[in-house]
Amino acid sequence: MSKHVTHWIGGAEWTGVADRRGDIHDPATGAVSGAVDFASVREVDDAVAAAAAAFPAWRATSLARRVQILFNFRELLNGRRDELASIITAEHGKVHSDALGEVARGLEVVEFACGIPHLLKGGFTDSASTSVEVYELQQPLGPVAIISPFNFPAMVPMWFFPLAIATGNTVVVKPSEKDPSSANWLAALWQEAGLPDGVFNVVHGDKVAVDRLLEHPDVKAVSFVGSTPIARYVYENGTRYGKRVQALGGAKNHMVVLPDADLDLAADAAVSAGFGSAGERCMAVSVLVAVDPVGDELIAKITDRMAKLRVGPGCAQTSEMGPLVTGAHRDKVTSYVDAGLSAGATLVVDGREHPIDGEAQTGVDTANGFWLGPTLFDHVTPEMSIYTDEIFGPVLSVVRAHTYDDALELINTNPYGNGTAIFTNDGGAAAKFRNEVEVGMVGINVPIPVPVAYYSFGGWKASLFGDSHAYGPQGVHFFTRTKAVTQRWLDPSHGGVNLGFPQNV
């Protein structure tokens, strides 16, 4: 039977009848596998009302009790991660092992949030003035909204909601309508872990739901991940309504390969980072900058590895790369292949011709799936659309650079600043690059430098709108506001009126 995904409000699935719905597809087959209800303003208001009603009691819940629930959630998620990964594969299309990796990286943030009693310890100064003490409190904001993209339906929400909940906020998640089931699965898991009803809510839908969350007076903060145009829209509209906003946008991540690099290591990294999850990662390597004279040799090594990649259904054990998420997105990415050819780039590997494996193994009919194999362009120049645009698919562009300085200038003049990497065996060159590159996350012989959960994730320039990165210390800061308290306990014998201006002595 076709699945039906609806909202999760106040601890239960919504029982109303939606005015609008969207189709859910199996990307490997192209078939419609279910439908998801789209929220109207009414359903969004109901979800926010549930979060607002739950906030006073959850805010007053002790840190000890919050941590118990977080640990319960962590144990449940760890024990059932395979189940969640299967949901991701069925709706997003990424291979099962990649989906498991997504869950594992989200789980890291849950584990970080379990240390919230330590993370919320404020400063304290005794005798700041005579008999005066000063200290800080970090207090929750209230109901917060999380608007997440299709490419990581479990991990990206988990960048935000563990810390939001741990710090005493209540949450409304608006996942992508393309792969909505993970959010409901997580909501049910929170309930099983003992989270009070209304602390975690889910509304599904499109721009109607987003706009209402951005303008709703009871939503105090918004966390968003998606394309740069939408991130800018979320930031500008959310802040216009007085909300705290962190909006993570798009990327064009460059991987620089210097002449002294281990080219086999670099080729492995370029293929892994360029084509994992079919390139549908905001941290995917989409531009490889080959510094002379390594270009020809490096491209030969990459081409050899691409030919051996197994593209097929995500549920097949042999598959290394799955389909794209929708037919429309596949067609958009494919159009860039045509654009690159028209602009004069050299098409070294044409992903439109890559064979699709795994049908015999799984019985999945892949004829109408949303397929595009790994694609490689050489001699790409900065004015070409395959360089300027975030393609968000399995298309890797190679740009030739004469020197390190040329490569650095290419990255620093790019409007995006999410992630970058350099491959070299020269520690001095790596240190120079680390200090000079204008990008928020840097890898040294690491192609996808996503920080561990106790550091923070986020880019620079057009890749981030707002001041706070995701998770880590900045995540704690984003979901709390600081209150400074100055107190004096007077000796009754020293009472009396004093109209003089208070002085620090």
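All figures in this text were calculated on a predicted structure; none of them were measured in a lab. (Residues numbered from 1 in each chain as written. Predicted model: local features only at pLDDT ≥ 70, side-chain atom pairs only at ≥ 80, totals over all residues. Heavy atoms only, no water.)

Student: Mind laying out the sheet that holds strand 23 (residues 480-488), listing which residues take part and the relevant values?
Tutor: Within a sheet, each strand pairs with its neighbour through backbone hydrogen bonds, oriented either parallel or antiparallel. A sheet is described by the order of its strands in space; here 3 strands give the open sequence 6-7-23, paired in antiparallel fashion. Each end of this open sheet is capped by a strand with a single partner; those strands are strand 6 (124-129) and strand 23. The average undirected angle you get between the axes of adjacent strands in this sheet is 30 degrees. (Pairing = 2+ DSSP bridges. Helix = DSSP H or I, 4+ residues; strand = E, 2+ residues; numbered from the N terminus. Axes fitted to C-alpha atoms, helices over the stretch in contact; angles between N-to-C directions.)

Student: With reference to specific residues and values, describe the packing of helix 3 (residues 81-92) against helix 4 (residues 96-113).
Tutor: Between helix 3 and helix 4, the least distance of the axes is 8 Å, while the angle of their chain directions is 120 degrees. Between helix 3 and helix 4, the angle falls in the class oblique. When the axes of helix 3 and helix 4 are compared, the crossing they make is right-handed. Facing helix 3, whose interface residues are R81, D82, L84, A85, S86, I88 and T89, helix 4 presents H96, A99, L100, E102, V103, A104 and L107. (Parallel < 35°, antiparallel > 145°, perpendicular 65-115°, else oblique. Left-handed = near helix turned anticlockwise from the far one by under 90°. Contact = heavy atoms within 4.5 Å.)

Student: Break down the environment of G393 for me, with residues and values.
Tutor: Within the fold, G393 resides in the loop between helix 14 (385-388) and strand 17 (395-401). For G393, a relative accessible area of 7% translates into the label buried. Between the C-alpha atoms of G393 and P259, which are 134 residues apart in sequence, the distance is 28 Å. Not counting residues within four places of it along the chain, the set of residues in contact with G393 comprises G274, A278, G279 and V333. (Buried < 20%, exposed > 50% of the residue type's maximum accessible area, 1.4 Å probe, protein only.)

Student: Pulling in residues and values, what's your account of helix 1 (residues 41-60)?
Tutor: The first and last C-alpha atoms of helix 1 sit 29 Å apart over 20 residues, in line with the 28 Å expected at 1.5 Å per residue. Along helix 1, the sharpest kink reaches roughly 40 degrees, centred on A54 and followed within four residues by the proline P56. (Expected span 1.5 Å × (residues − 1). Bend = angle between axes of the 7 residues up to and from the residue.)

Student: Which residues make up the layout of surface pockets, and what values do they have?
Tutor: Reported here for the largest pocket is a volume of approximately 830 Å³. Surrounding the largest pocket, 34 residues form its lining, F150, K178, G226, S227 and I230 being those nearest its centre. Here the lining of the largest pocket gets 5 residues from one element, more than from any other, and that element is helix 9 (residues 228-240). Among the residues forming the lining of the largest pocket, the class breakdown is 15 nonpolar, 10 polar and 9 charged. (1 Å grid on protein atoms, 1.4 Å probe; cavity = no way out; pocket = protein on both sides within 12 Å on 5 of 7 lines; lining within 4 Å. Points joined across faces, edges and corners; volume = space filled by probe spheres on them. Nonpolar A, V, L, I, M, F, W, Y, C, P; charged D, E, K, R; others polar.)

Student: Describe the sheet that holds strand 1 (residues 3-5), listing the residues and the values that go with them.
Tutor: The 3 strands are arranged 1-5-4 in an open sheet whose pairing can be described as mixed. Edge positions in the open sheet fall to strand 1 and strand 4 (20-25), since each of these has one partner strand only. Between one strand and the next, the sheet's axes are offset by a mean angle of 25 degrees, whatever the strand orientation. Inspection of the sheet shows strand 1 paired to strand 5 (residues 32-38) by 3 bridges, in the parallel sense. Each bridged residue has a counterpart across the sheet, and for V5 the counterpart in strand 5 is V36.

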